[in-house]
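# Residue-level structural notes
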Amino acid sequence: MNKNILQKITIILALLLLAACATKSKNARIIEDFNKDWNFKIGDYPTAIQSDFNSSDWRALQLPHDWSIEGAFDKDSKTKQAQGFLPAGMGWYRKTFTIPQDWKNKTVAVEFDGVFKNSEVFINRHSLGIRPNGYISFSYELSKYLKFGGQNVIAVKVDNSAQPNSRWYTGSGIYRNVRLVASDKLHVAEWGTFVTTPEISKEKASVHLEVEVKNAAETEKEFKIVSSILNQNNVEVTQTESTEKISPNATLKKTQNFTLKNPILWDTENPYLYKIVTRIYEKSTLVDSYETPLGVRYFNFDAEKGFSLNGKPMKILGVCLHHDNGALGAVENIHAVRRKLTLLKEMGTNAIRMSHNPHSLEMMQLCDEMGFIVQDEAFDVWKKKKVTNDYHKDWDAWHKKDLEDFIKRDRNHPSVMMWSIGNEIREQFDSTGIAITRELAQIVKSLDTTRPVTSALTENVIEKNFIYQSGALDLLGFNYKHEDYKDFPTRFKGQKIIASESVSALETRGHYDFPADGVKAWPTKYGAAFDGNADWTVSAFDQVKSYWGATHEENWKTIKKQDFMAGTFIWTGFDYIGEPDPYPYPARSSYFGIIDLAGLPKDVYYMYQSEWTTKPVLHIFPHWNWKEGQEVDVWAYYNNADEVELFLNGKSLGKKTKQNDDLHISWHVKFEPGTLKAISRKDGKVVLEAAINTAGVASKIDLKVDKPTIKNDNYDLVYVTVSIVDKDGNLLPNANDLINFEVSGGGKLVGVDNGYQANLDSFKASSCKLFNGKCIAIIQSNGKKENIQLKATTRNGIPVSVLDVKVN
Ligand code: GAL
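- By the naming in an unreviewed UniProt entry, the chain is Glycoside hydrolase, taken from Flavobacterium frigidimaris.
- Its UniProt record, at the heading Sequence similarities (unreviewed entry), says of the chain: "Belongs to the glycosyl hydrolase 2 family."

In structure tokens form, the structure reads like this:
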């Protein structure tokens, strides 16, 4: 048959199948966004569970929501420095909603992706349960308390008052998404599927699916279960079905096997995703439909050769991330996550360590879609505390359930390739660590044997480390001490090893101290001391590290040479709120990021890009606005070239080439205003040019969007980077002007930030001071189908700037 006709027939068949599903799916599972129309108030309101409670003075809002980020920084805050001096406390959420009469025969559940913390959920005055862990996803069945066809009241108490309870910023509230799910009494259980691909070759992959079906009805049911594998174009490629019987109020486990011919493999460059749609039919009526992501890939950790994906050796080039979204606080938003991951992908990152707790569904989904290898991490503390009121208090009662739920929720994500049961856990120095490690590893193995169990260990006298001693780890994770890596193959013969955490260098975007050579440590341990700057900045030359860590260059030079080392996770991809080492108040966010809190890359971003990608890179810094005659160090990160020549106002300052294992080149230059230009060449041919001009008089507010249009869905975000430029468009690198924002039309301002770690202005203000020339404004759709206008104004003499964002 002619190829075109065949293609057309396939498309028509696919459309018919879709149409068939659409008509039948009327009866299948209904998933509703449950984020809208909540009321909220800080404080404790136990009577809010009553239906006649008057909440007229409560604030109306849309979830996800974090009340900590809305508060003021307070030096005496109970949350302390580690959590960024922001408030916590107690708050209540409440929502009145109707449930259709015709859901009477359904099972209705509410799903929370994460509530920080100690939540208690009430429906029509009945407590559904408590959940201390602020990072875990959980759900409750509501059916038996609901008024079908009538008004219902859901109330959620959130108690984050016992402080301090974390080593980083947590946020407070229902900070992730909430859904209402109505399914037939006969349905696939929550997290009720588990897919694995036990054998993969070029010709075929065997796919193994376990499905747990629940019958909440009082009668026995006979049903057909049909699972189809759909390719990335939503075309079914194979399916399997069987007919089953299930008793009343029972669950049944069914295994389904498939053969996938000529599978397209998932990898970090082409993260090809299939999905499995499991449908349940009673007689011929579709009663439930449930989706499971499927990525076909295999990987291996080897004690000598490190990591390989689909048989290809590669290094895990990872970063650690905390869960906050900068100015949005802990509020989860898929667009914020996509922006973070896009920046990291462009840098060459291929892996994320979910430090040190379960992250959101959106994060997991995007790692699958965008091709990141995930180290999924459950805990930062076990039974022994790190901070007065942290998870150790809940350990005995909850760790088993939390760990099981975490694995069940995440085990279908092809991106997940390691389960970390803990970060620098105190029990590593205590013999109780042996039994706990074995217990946790066993819990993980009972739910998934396809990924190694790891834990991020502190390397000091590791042979005496009890987590290691347990013998229950499949993969040893080491944090820091890069100087010792070379001895690991002899010290840990036959062990698989990854640098679970490395670097912890300190930098402030756009701030430069001279001279730029030599490495300083904070606090002093060895080498020169970093004494700090009066304005709480740290130079962006990769020069200052915490004493337990390394500079970015020191670490990467070491890792790249060690074949046995599966890879590295840099602490951290982005600055995060809290843990502002090396400074006390007013510093309130971390200095460790390769990218600042506002999402603006620091210079070292380009070192990684030059090493971790193959695209041509030439990045020179610092800016070119100094005092006449000042001695300035100029650094360049480059790749794909033999040499770089630097010119000042057309005069060559010499050619340089990286020697040995250098990762940058540098020049000492006496400053004169004008143009600093670098040219990289390979075999005499120009590869790239990069130039920085001395900026003149401020002339305009420059507004740049990360995307030109926004969806009118109440969620979509546009990030605007704001700077002041001269008449030729050159950035004023020292500008610190206050910029006022006004947003009209289909959007609202939801956050501002300039990435300065000691900025105590509110992230929720309608203005922001530029820091080292830049800041950002985050605009969110307000649901109106109107184009958005952002007006930015500043001091006299600089005209108002207006930016239009189209709504689509
Ligand atoms: C590590 C720890 C991280 C972070 C980091 C800062 O030891 O695992 O959570 O605190 O230090 O350097």
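That shown, we press on.
### Side note on the packing of aromatic side chains
- Under the definition given, this model contains 46 aromatic pairs.
- The interplanar angle of 65 degrees and the centroid separation of 5.6 Å between the aromatic rings of Phe 138 and Tyr 140 together place this pair among those described as edge-to-face.
- Residue class for Phe 138 comes out buried when judged on its relative accessible area of 3%.
- Chaining the aromatic ring pairs together yields one cluster made of Tyr 512, Phe 514, Phe 541, Phe 621, Trp 626, Trp 635 and Tyr 637.
- The side chain of Lys 224 reaches across the aromatic face of Tyr 281, ending 5.6 Å from its centre.
- The ring of Phe 372 has Lys 345 lying over it, and the distance from NZ or CZ to the ring centre is 4.7 Å.

### What to know about the sheet that holds strand E23 (residues 373-377)
- Around the barrel, eight strands lie side by side as E21-E22-E23-E24-E25-E26-E27-E31; this closed barrel has parallel pairing. Sheet twist, expressed as the average angle between the axes of neighbouring strands with direction ignored, equals 25 degrees.
- Pairing of strand E22 (residues 351-354) with E23 involves three bridges; the strand directions are parallel. Opposite Ala 351, over in E23, you have Ile 373 as the bridge partner.
- Here helix H8 (residues 552-561) sits on the sheet and contacts strand E21 (316-321), strand E27 (497-503) and strand E31 (565-571); the angle it forms with E31, its principal contact strand, is near 170 degrees.
- Its contacts with the sheet put helix H9 (residues 604-612) on E21, E27 and E31, and the angle it makes with E31 is roughly 160 degrees.

### A closer look at the pairing of strand E4 (residues 89-98)
- By the criterion of burial, E4 is predominantly enclosed, with seven of the 10 residues buried.
- Here four bridges tie strand E2 (residues 38-42) to E4, and the two strands are oriented antiparallel to one another. Paired with Ile 42 across the bridge in E4 is Gly 91.
- As judged from the 10 bridges shared by E4 and strand E9 (residues 151-160), these two strands associate in the antiparallel manner. The residue bridging Thr 96 from the neighbouring strand is Val 153, located in E9.

### Remarks on unusual backbone geometry
- Omega for the bond connecting Leu 63 with Pro 64 falls within 30 degrees of zero, at -10 degrees, which places this linkage in the cis form.
- Within the fold, Pro 64 resides in the loop between strand E3 (59-61) and E4.
- In this structure, Pro 164 follows Gln 163 across a cis peptide bond, with omega equal to -10 degrees.
- Checked against the element boundaries, Pro 164 lands in the loop between E9 and strand E10 (178-184).

### Some points on the environment of Leu 717
- In this structure, Leu 717 sits in strand E41 (residues 717-725).
- For Leu 717, a relative accessible area of 1% translates into the label buried.
- Along the backbone, Leu 717 and Trp 266 are 451 residues apart, and their C-alpha atoms lie at a distance of 29 Å.

### Some words on the site of the ligand
- Around the ligand, a shell composed of Arg 167, His 356, Asn 423, Glu 424, Asn 479, Tyr 480, Glu 501, Ser 504, Trp 548, Trp 571, Glu 579 and Phe 592 is seen.
- Take Glu 501: an N or O atom from its side chain is 3.0 Å from an oxygen atom of the ligand.
- Here Glu 579 contributes a side-chain N or O atom positioned 2.5 Å from an oxygen atom of the ligand.
- Protein contacts shield 94% of the accessible area of the ligand, which totals 310 Å² for the unbound molecule.
- Of the residues belonging to the shell around the ligand, the class tally is four nonpolar, four polar and four charged.

### Regarding the environment of Ala 28
- Looking at the element boundaries, Ala 28 is found in the loop between helix H1 (3-24) and strand E1 (30-33).
- For the pair Ala 28 and Ile 280, spaced 252 residues apart in the sequence, the C-alpha separation amounts to 8.7 Å.
- Leave out the neighbours within four places in its chain, and Ala 28 touches Lys 106, Ala 182, Leu 286, Val 287, Asp 288 and Ser 289.

### A few points about the environment of Asn 357
- For Asn 357, the position within the fold is in the loop between E22 and helix H3 (361-370).
- Sequence spacing of Asn 357 and Gly 510 is 153 residues, and the spatial spacing of their C-alpha atoms is 31 Å.
- Not counting residues within four places of it along the chain, the set of residues in contact with Asn 357 comprises Tyr 135, Trp 168, Glu 377 and Ala 378.

Criteria and thresholds
- Residues numbered from 1 in each chain as written.
- Predicted model: local features only at pLDDT ≥ 70, side-chain atom pairs only at ≥ 80, totals over all residues.
- Heavy atoms only, no water.
- UniProt positions renumbered as here; feature names shortened; annotations may be inferred.
- Phe/Tyr/Trp six-rings, centres within 6.5 Å; stacked < 30°, edge-to-face > 60°.
- Buried < 20%, exposed > 50% of the residue type's maximum accessible area, 1.4 Å probe, protein only.
- Lys NZ or Arg CZ within 6 Å of the ring centre and 35° of its normal.
- Pairing = 2+ DSSP bridges.
- Helix = DSSP H or I, 4+ residues; strand = E, 2+ residues; numbered from the N terminus.
- Axes fitted to C-alpha atoms, helices over the stretch in contact; angles between N-to-C directions.
- Contact = heavy atoms within 4.5 Å.
- Near = heavy atom within 4 Å.
- Polar contact = N/O pair within 3.5 Å; in protein donor to acceptor, adjacent residues only side chain to side chain.
- Areas by Shrake-Rupley, 256 points an atom, 1.4 Å probe, with all protein chains shown as cover.
- Nonpolar A, V, L, I, M, F, W, Y, C, P; charged D, E, K, R; others polar.

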